[in-house]
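Given next are the chains, with one letter for each unit.
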Amino acid sequence: KPEGMQQGQRPVAVRVANKDRALPQRGLAAADVVVEAVVEDGMTRLMAMYADYNTVPQVGPVRSTQDAFVQMAMPSQAIMAYIDATVYAGNLLDVTGTKTVNGIQLGRTSFWFDTARSLPKPGGKLNEYCWFTDASLIWAGMTYLDILTTAEVHTLFQFSQQPAQSAGDAQIVNMRYSPVAEAGFVWNETTGLYDKHIFGHLH
């Protein structure tokens, strides 16, 4: 666990819009893990996970959650932050009695509307792409709902100690989630890292 975190401290998982109309996003670079999955319309949505809820930067635009993200977040005991949920996700949360930071319930207690981002039209964003949250706002929701800050937190991934079998150099890696959602990774010789691309542009 990062220095300064209490034992068993729960991480935070924030749902982030990933359509071209939602760009630019905020807070993704600071996330410890970013999960990408297909949603109803064939586009993808992101789940930005932060190990320490005290250090979450301004992140968003925040959107609704789907059951795939709930199933991913629950085993890690993540405190989920989002605005609204699909029927399946809502049913799963209700059945398990999971407390979450949901904008439909908490509104401006836990989410901030960026007015400047919404104006002027047509250069501005649609209202659903103007909601953001951060550590203090998430904490306000956690306090209001009396959400537990600690639990039996499990490691999200178990990585093999064996070196991967080399199949040659991969300069470009493309991932096609659906006919309308595609992401790619391009090797950057200068940084020694992959740059992520989306909608044909650097993400």
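Just above sits the structure.
Because the structure is predicted, anything quoted here is derived from the model rather than measured. (Residues numbered from 1 in each chain as written. Predicted model: local features only at pLDDT ≥ 70, side-chain atom pairs only at ≥ 80, totals over all residues. Heavy atoms only, no water.)

This part takes up the overall build of the chain. A count of helical and extended segments in the chain gives five helices and eleven strands. For 203 residues, the compact-globule estimate of 2.2 N^0.38 gives 17 Å, and the chain sits close to it at 18 Å. By residue count, 43% of the 203 residues in the chain fall in the buried class. In the chain, the share of contacts with a sequence separation of at least 24, taken over all contacts with a separation of at least 6, comes to 58%. A total accessible area of about 11500 Å² is found for the chain, and carbon and sulfur atoms account for 55% of it. For the chain, the centre of its 15 positive side-chain charges and the centre of its 19 negative side-chain charges are spaced 7 Å apart. (Helix = DSSP H or I, 4+ residues; strand = E, 2+ residues; numbered from the N terminus. Rg over C-alpha atoms; globule rule 2.2 N^0.38 Å. Buried < 20%, exposed > 50% of the residue type's maximum accessible area, 1.4 Å probe, protein only. Contact = heavy atoms within 4.5 Å. Areas by Shrake-Rupley, 256 points an atom, 1.4 Å probe, with all protein chains shown as cover. Lys, Arg positive; Asp, Glu negative; His and termini not counted. Charge placed at Lys NZ, Arg CZ, Asp CG, Glu CD.)

Once that is clear, we can look at the nonpolar core. Across soluble globular proteins, nonpolar side chains show a tendency to be buried alongside one another. Ranked by internal contacts, the top residues of the largest apolar core, which has 23 residues, are Val14 and Val101. Residue assignment for this core shows that the elements contributing at least two residues are strand 1 (12-16), strand 3 (44-50), strand 4 (79-82) and helix 5 (135-145). It is helix 5 that provides the largest number of residues to this core, a total of four residues. Leave out the neighbours within four places in its chain, and valine 14 touches Leu46, Met47, Ala48, Tyr50, Val59, Val62, Ala81, Thr133 and Ile138. Grouped together as the second largest cluster of nonpolar side chains are 14 residues, Met49, Phe69, Ala73 and Met80 included. (Core = buried A, V, L, I, M, F, W, Y, C linked by side-chain atoms within 4.5 Å.)

All of the buried residues along helix 2 (residues 87-96) are Ala89, Gly90 and Leu93. Across the axial projection of helix 2, the buried residues extend over an arc of 100 degrees, all falling on one side. For helix 2, exposure combined with an orientation more than 90 degrees from the buried face picks out Val87, Tyr88 and Val95. As for helix 2, its buried residues are in contact with helix 1 (67-73) and strand 4. (Arc of directions from axis to C-beta.)

Attention now goes to the sheet that holds strand 11 (residues 201-202). The four strands lie next to each other as 8-9-10-11, forming an open sheet whose pairing is antiparallel. Of all the strands in the sheet, the pair left with one neighbour each is strand 8 (172-178) and strand 11. Bridge count for strand 9 (residues 181-188) against strand 10 (residues 193-198) is six bridges, and the pairing is antiparallel. Considered in strand 10, the bridge of phenylalanine 185 is made with lysine 196. (Pairing = 2+ DSSP bridges.)

For side chains bearing opposite charge, pairing can occur when the charged atoms are close. Within this structure, the stated rule accounts for four salt bridges. The shortest N-O distance in the salt bridge between glutamate 36 and lysine 196 comes to 3.7 Å. Remark: lysine 196 occurs in strand 10 and glutamate 36 occurs in strand 2 (residues 33-38); sequence separation between them is 160 residues. The same class applies to glutamate 36 and to lysine 196, which are both buried. (Salt bridge = Lys/Arg side-chain N within 4 Å of Asp/Glu carboxyl O.)

Remember, this is a structural readout, not a statement about activity or role.
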